[in-house]
Amino acid sequence: IRAIVSALGGYLVGRGLTDAGTVAAVAGAAATIGVAVWSGFTNSPKAQINSVAANPAVASVVVATPEMAAAAPSPKVVAQ
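Residues numbered from 1 in each chain as written. Predicted model: local features only at pLDDT ≥ 70, side-chain atom pairs only at ≥ 80, totals over all residues. Heavy atoms only, no water.

**Student:** Would you mind showing me how to read the confidence of the model for the protein chain here?
**Tutor:** Caution is warranted with low-pLDDT regions, since their predicted coordinates should not be read in detail. In the predicted model, the protein chain carries a mean pLDDT of 84, and 96% of its residues have values of at least 70. Across the protein chain, the element-wise mean pLDDT spans from 81 in helix α4 (residues 66-71) up to 90 in helix α2 (residues 20-42). (pLDDT = per-residue confidence, 0-100. Helix = DSSP H or I, 4+ residues; strand = E, 2+ residues; numbered from the N terminus.)

**Student:** Please clarify how the environment of Leu12 should be interpreted in this entry.
**Tutor:** Positionally, Leu12 belongs in helix α1 (residues 2-14). In contact with Leu12, not counting residues within four places along its chain, are Leu17 and Thr18. (Contact = heavy atoms within 4.5 Å.)

**Student:** How do you make sense of a nonpolar patch on the surface when you look at a structure like this?
**Tutor:** A cluster of nonpolar side chains, namely Ile33, Val37 and Phe41, defines an oily patch on the protein surface of about 330 Å² accessible area. Along the chain, Phe41 falls in helix α2. (Patch = residues over 30% accessible without salt bridge, like charges linked within 9 Å, V, L, I, M, F, W, Y side chains within 5 Å. Areas by Shrake-Rupley, 256 points an atom, 1.4 Å probe, with all protein chains shown as cover. Salt bridge = Lys/Arg side-chain N within 4 Å of Asp/Glu carboxyl O.)

**Student:** Looking at this structure, I do not really get α1. What am I missing?
**Tutor:** Counting along an α-helix, one turn takes 3.6 residues, and residues three or four places apart therefore face a common direction. Between its terminal C-alpha atoms α1 stretches 18 Å, which fits the 18 Å expected from 13 residues at 1.5 Å a residue. Downstream of α1 by one or two residues, Gly16 has phi in the positive range, about 80°. (Expected span 1.5 Å × (residues − 1).)

**Student:** Please clarify how the environment of Ser74 should be interpreted in this entry.
**Tutor:** You can see Ser74 is positioned in the segment after α4. On the accessibility criterion, Ser74 (29% relative accessible area) is partly exposed. Note: C-alpha distance between Ser74 and Phe41 (33 residues apart in sequence) is 30 Å. (Buried < 20%, exposed > 50% of the residue type's maximum accessible area, 1.4 Å probe, protein only.)

**Student:** Is there a simple way to explain the environment of Arg15 in this structure?
**Tutor:** Locating Arg15 in the fold gives a position in the loop between α1 and α2. For Arg15, a relative accessible area of 57% corresponds to the exposed category. Spatially, the C-alpha atom of Arg15 lies 61 Å from that of Lys76, the residues being 61 residues apart in sequence.

**Student:** Explain the packing of α1 against α2 here, please?
**Tutor:** How two helices sit against one another is set out by the angle between their axes and by the gap between those axes. One way to put it is that α1 packs onto α2 with a least axis distance of 9 Å and a crossing angle of 160°. Classified by the angle their axes make, α1 and α2 are roughly antiparallel. Judged by the twist between their axes, the crossing of α1 over α2 is right-handed. Of the residues in α2, those touching α1 at Arg2, Val5, Ser6, Gly9 and Val13 are Ala20, Val23, Ala24, Val26, Ala27, Gly28, Ala30 and Ala31. Classifying every residue of the contact of α1 with α2 gives 9 nonpolar, 3 polar and 1 charged. (Axes fitted to C-alpha atoms, helices over the stretch in contact; angles between N-to-C directions. Parallel < 35°, antiparallel > 145°, perpendicular 65-115°, else oblique. Left-handed = near helix turned anticlockwise from the far one by under 90°. Nonpolar A, V, L, I, M, F, W, Y, C, P; charged D, E, K, R; others polar.)

Following this line, the structure appears as structure tokens:
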């Protein structure tokens, strides 16, 4: 994201529409926002379950309701 904004900013600086300091500030802000959005998607509960399910060492992943999880005798069963 930062590279794209910097490239676009370089074009705008070359055309005299803005200055390099503004481009640097906008590029930094865009990168920070991009990281925050990416973190939100990759650390969501659904993404974590999908990551575990993709692990070849895990036979299966079943999402249980709190009632089902409480009734299961295994401590490995948890509610979503």
